[in-house]
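Remarks on the overall topology
Below are the chains, spelled out letter by letter.
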Amino acid sequence: MTQFDFKKLVDAEYLLNNRTNKNIVVIDARGGMLEEGSLMYDKATVVDWTDISLLGEFGGEELGKLLSKENYQQIFTKLGINDDSEVLVYGFTMPEQGFGDEARVVYTFNYADFENVKFIDGGFKQVEKLGFNKNYEPTKDRINVSDVVRNEATRNDKAIFTDELLSKIGNEEVQIIDTRLEVEYNGRVIYGENKAGHIPGAISLPFNSLVDNNGFLKSREELEKYVNEKGLDKNKLQITYCTTGVRASYVAVILEELGFNVRNYEPSFARYANVGIVYASLIIIKLWKDTNND
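Residues numbered from 1 in each chain as written. Predicted model: local features only at pLDDT ≥ 70, side-chain atom pairs only at ≥ 80, totals over all residues. Heavy atoms only, no water.

What the rule picks out here adds up to 12 aromatic pairs. Their ring planes at 75 degrees and their centres at 6.5 Å tell us that Tyr 72 and Tyr 111 sit as a pair that is edge-to-face. Taken together, the residues Tyr 72 in helix H2 (residues 69-79) and Tyr 111 in helix H3 (residues 101-111) connect sequence positions 39 residues apart. By relative accessible area, which is 12% here, Tyr 111 ends up buried. (Phe/Tyr/Trp six-rings, centres within 6.5 Å; stacked < 30°, edge-to-face > 60°. Helix = DSSP H or I, 4+ residues; strand = E, 2+ residues; numbered from the N terminus. Buried < 20%, exposed > 50% of the residue type's maximum accessible area, 1.4 Å probe, protein only.)

Right, dumping it as C-alpha cells:
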C-alpha cells in the first residue's frame, strides 16, 4: 500500500475510482521495453522516454535532453492533454523491473508547465490487478511523434549539462548523486558506457533503493533517514545522474519532494564517460588486474 504522502503520487485505486473521468489521461511509460502482446491498461497510451526527449548518439551531449515547450504542446495534443486534464502515469514495478520512467514523465511535463501529472505507486503490477487490461499493439497503442521537429529546451533550470557539471566536481557546496545500481557505481558496465566507474566524489544512491520489496515508495520517514545516512545535505545543491538521465529523473523528483535543491544531469554518465575522469571501486580494479595477470 502507498506509504509516501506526495501530491504527485497516487495508488491504483485512485485510477479505478476515476476510470470514467473523461479528463483523465493515462500513460504507460514502459515504452520500448514493452513487448508486443504484453498486457497494458486498456485506456493507456504507451510513451517511451525517447518519444519525449531530444535524440542523438549514445554518449553524445544531446541524448536525454528535454524538448522545447512548443514540442511538448504538440505532444500533449497527440495525447489528448489540455488544461483540464489530469495525467496518471505508470511504469514497470520496481525493484525487479523498471527504470523510474514514470517519474521521467512527471519531470518532463513539469518542465513544460503541466503540473497536474502523477505517477501510480507500485507500477503496473498494481494497475494490472484492476482487471482492465488489453494486449499491447505498438502501431495502435504507442504515441507517434515522427512528425514532431524536435528542438532543445531553453531555460531548463532543473537540468545541468556537461561543461557546467565538470566545473562543479570537487565543489564542497555540491553533492553529485549516482542513481545507477551499486555494481555500476563500483565499475561494472551494463549499458555500453565508454568507461566504468563513477564521477569523482559521487554518492551512490540507487534509484530502486527508494522502493520496498513490493515496489511501493518507502515512507517519508524511511526516505529521510536513508538519505541522511547517505550524507545528503539540504543546504547543498544535489546533481543526479544515471546513464541517460531517466533513473536520475526519478530520484530527482523524490529528492525535490523531500526538500532538496536538485538538478538533473540529462546526458548523464553515457556522455560523461567520454569526456571526464572516472573512479571505480578498488575491489573491482584489483579483480581486473588479477584477471589480466593470469
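Evaluation of the coordinates by the stated rule reveals 21 salt bridges. Its salt-bridge partner being Lys 140, residue Glu 137 comes within 3.6 Å of it at the nearest N-O pair. A salt bridge links Glu 224 to Lys 234; its shortest N-O distance comes to 3.3 Å. Placement of Glu 224 in helix H8 (residues 220-229) and of Lys 234 in the loop between H8 and strand S11 (237-241) is noted, with a sequence separation of 10 residues between them. Looking at Lys 234, the relative accessible area reads 39%, which means it is partly exposed. A single network of salt bridges, built from pairs that share partners, joins Glu 164, Lys 168 and Arg 263. (Salt bridge = Lys/Arg side-chain N within 4 Å of Asp/Glu carboxyl O.)

Contact pair H2 / H3: the axes reach a minimum separation of 10 Å and the direction vectors enclose 120 degrees. Relative to H3, the element H2 is oriented oblique. Here H2 contributes Lys 69, Tyr 72, Phe 76 and Leu 79 to the contact with H3, which in turn contributes Thr 108, Phe 109 and Tyr 111. In the contact of H2 with H3, the residues fall into five nonpolar, one polar and one charged. (Axes fitted to C-alpha atoms, helices over the stretch in contact; angles between N-to-C directions. Parallel < 35°, antiparallel > 145°, perpendicular 65-115°, else oblique. Contact = heavy atoms within 4.5 Å. Nonpolar A, V, L, I, M, F, W, Y, C, P; charged D, E, K, R; others polar.)

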